[in-house]
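# Overview (structure and organization)
Each chain, written out:
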Amino acid sequence: MHKLIFILLFTLSINAQQIAVLKYGGGGDWYANPTALKNLAEFCNTTIKTTINTQPETVVVSSIELFNYPIVFMTGHGNVFFSESDSENLRDYLISGGFLQISDNYGMDSYIRREMKKVFPELEFQEIPYDHPIYHQTNTFDKLPKIHEHDGKPAQGFGLFYEGRLVCFYDYESDLSDGWEDQEVHNDTQEARTKALKMGANIIEYVFKY
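Now for a quick tour of the structure. Since this is a predicted model, take the numbers as computed values, not measurements.

Calculation rules
- Residues numbered from 1 in each chain as written.
- Predicted model: local features only at pLDDT ≥ 70, side-chain atom pairs only at ≥ 80, totals over all residues.
- Heavy atoms only, no water.
- Salt bridge = Lys/Arg side-chain N within 4 Å of Asp/Glu carboxyl O.
- Helix = DSSP H or I, 4+ residues; strand = E, 2+ residues; numbered from the N terminus.
- Buried < 20%, exposed > 50% of the residue type's maximum accessible area, 1.4 Å probe, protein only.
- Pairing = 2+ DSSP bridges.
- Contact = heavy atoms within 4.5 Å.
- Polar contact = N/O pair within 3.5 Å; in protein donor to acceptor, adjacent residues only side chain to side chain.

### Thoughts on the pattern of salt bridges
All told, the structure shown has ten salt bridges when counted by the stated rule. Put simply, Asp-109 and Arg-113 hold a salt bridge, and the shortest N to O gap is 3.0 Å. Taken together, the residues span about one helical turn, with Asp-109 and Arg-113 both in helix 4 (residues 109–119) at a distance of four residues. On the basis of relative accessibility, which here comes to 19%, the residue Asp-109 falls in the buried class. Lys-146 serves as the salt-bridge partner of Glu-173, at 3.6 Å between the closest nitrogen and oxygen. Residue Glu-173 is located in the loop between strand 7 (165–172) and helix 5 (176–180), and its partner Lys-146 is located in the loop between strand 5 (126–127) and strand 6 (156–162); the two are separated by 27 residues in the primary sequence. Where salt bridges share partners, they join Arg-114, Glu-115 and Lys-118 into one cluster.

### Notes on the pairing of strand 1 (residues 19–23)
Examined bridge by bridge, strand 1 and strand 3 (residues 71–76) share three bridges and lie parallel to one another. Note on strand 3: the bridge partner recorded for Ile-19 is Ile-71. Bridge count for strand 1 against strand 2 (residues 57–60) is four bridges, and the pairing is parallel. Each residue of the ladder has a partner; that of Leu-22, found in strand 2, is Val-59.

### Observations concerning the environment of Asn-105
For Asn-105, the position within the fold is in the loop between strand 4 (100–104) and helix 4. For Asn-105, a relative accessible area of 2% puts it in the buried group. In this structure the C-alpha to C-alpha distance between Asn-105 and Ile-64, which are 41 residues apart in sequence, comes to 27 Å. Look past the residues within four positions of Asn-105 in its chain and what remains in contact with it is Ala-32, Asn-33, Thr-75, Gly-76, His-77, His-150, Asp-175, Ser-177 and Asp-178. Side chain to side chain, Asn-105 and Ser-177 meet in a polar contact 3.5 Å long.

Taken by themselves, the reported measurements are silent on function.
The following block contains the structure:
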């Protein structure tokens, strides 16, 4: 019964085009990049004609409110911890049609991989090939934008696929969400910020279509 209610809540909320920041445990800075989603929403509303509320919400992993959002965003630099109830709720959300976008600000990778294994023990992150539709929406990419340099590694987009459907996009060594922030926060070039925003718009567009 609960899962049917969850699915109904999610279906009703799809048209609202509201996005949210995922608040997680473990001490990591889930609140990083506070201007990012507002700027991304404004960019999407202007360039791909969405009607997203430009004031994103915050949602706790274990809350039923998670099902009010077609997409939730997760970022930070450090530890992430999902309790059993967190993992179960996030799994229900994702297999019911929700979508998680994770942007590693540097330092999340080992924690993300560990905790998402609690959510989907049967799945592994796969690098998403560049012929995947997420890279070919209004904007086309043949490589993931790299906003900041950390370890000399290429930017990569990883995904979790549940029954063939992409339910989680994880940008690694890319810093997409840093590129969405106000220009004065990181002093990124306009070119870099535009590339990051265009890729963010692709993620939004893909989620609203599929």
